[in-house]
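Each chain, written out:
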Amino acid sequence: MPCPADRIPDATGMDAFNAACKAAKEQRVVFISVEEQGSSLWTVKADALTAPQHTITATAQDAVREAVALLIRSREIRPDSSAGPVDVVLHDVDSEGRARELAAALHAALYGDLEPLARAVPPTI
C-alpha cells in the first residue's frame, strides 16, 4: 500500500533509520523514508528488499529511472542520486515538503500507480 506524504517516516539519524527499516520489514512493505542531511537538504530513500513478495514491474522501474534522470538534469537532486533495480536514493532535495512529495510519489510508483510520480516530476521540468 503506498504511503501518503504526511506518513512517510523521517529516518534522520541511525536510530530513526533502523526503526523505520524494521517497521517496513515487519509489515513486509517497500521501505520509504526522508532524512534531513543538514543545511536544510533532504534525502529520499526507498528499498524493496523489505518487501520480499513484492514485484516492481518493468514499467514502474522505467518510470522511476526516467523521473530520477529528469530530476538530475533539472539539478533538483544531486547527480549521484540513483534508481537501482530494488532501491532508490534522491540526494539534496531542497525542502522537507518536496522530499515528502517525491517520496510518496516514488512509493506509489513502486506499487504500480505512476500518476503521482508523473505529477511530481512532469516530463517538462
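Criteria and cut-off values
Residues numbered from 1 in each chain as written. Predicted model: local features only at pLDDT ≥ 70, side-chain atom pairs only at ≥ 80, totals over all residues. Heavy atoms only, no water. Helix = DSSP H or I, 4+ residues; strand = E, 2+ residues; numbered from the N terminus. Rg over C-alpha atoms; globule rule 2.2 N^0.38 Å. Buried < 20%, exposed > 50% of the residue type's maximum accessible area, 1.4 Å probe, protein only. Contact = heavy atoms within 4.5 Å. Areas by Shrake-Rupley, 256 points an atom, 1.4 Å probe, with all protein chains shown as cover. Salt bridge = Lys/Arg side-chain N within 4 Å of Asp/Glu carboxyl O.

Draft legend 1. Focus on the overall build of the chain. A count of helices and strands for the chain gives four helices and four strands. Each helix (α) and strand (β) of the chain, taken in turn from the N terminus, gives the series α-β-β-α-β-β-α-α. Here the chain has a C-alpha radius of gyration of 13 Å; the compact-globule value for 125 residues is 14 Å, and the two agree. C-alpha atoms of the chain, sized along the principal axes, occupy 40 × 35 × 25 Å. Relative to its 125 residues, the chain shows a buried fraction of 41%. Sequence separation of 24 or more characterises 56% of the internal contacts of the chain that already satisfy a separation of 6 or more. For the chain, the accessible area works out to roughly 6,700 Å², and carbon and sulfur atoms hold 53% of it.

Draft legend 2. Geometry of the pattern of salt bridges. In this structure the tally under the stated criterion is 10 salt bridges. The salt bridge partner of E76 is R98, with a shortest N-O separation of 2.4 Å. With E76 in the loop between α2 (58–73) and β3 (82–83) and R98 in helix α3 (residues 96–110), the pair connects residues that are 22 residues apart, well separated along the chain. The class for E76 is partly exposed, based on a relative accessible area of 22%. Under the relative-accessibility criterion, R98 is labelled buried at 15%. Within this structure, E76, R98 and E101 form a network of salt bridges that share partners.

None of the figures reported here should be taken as evidence of function without further support.
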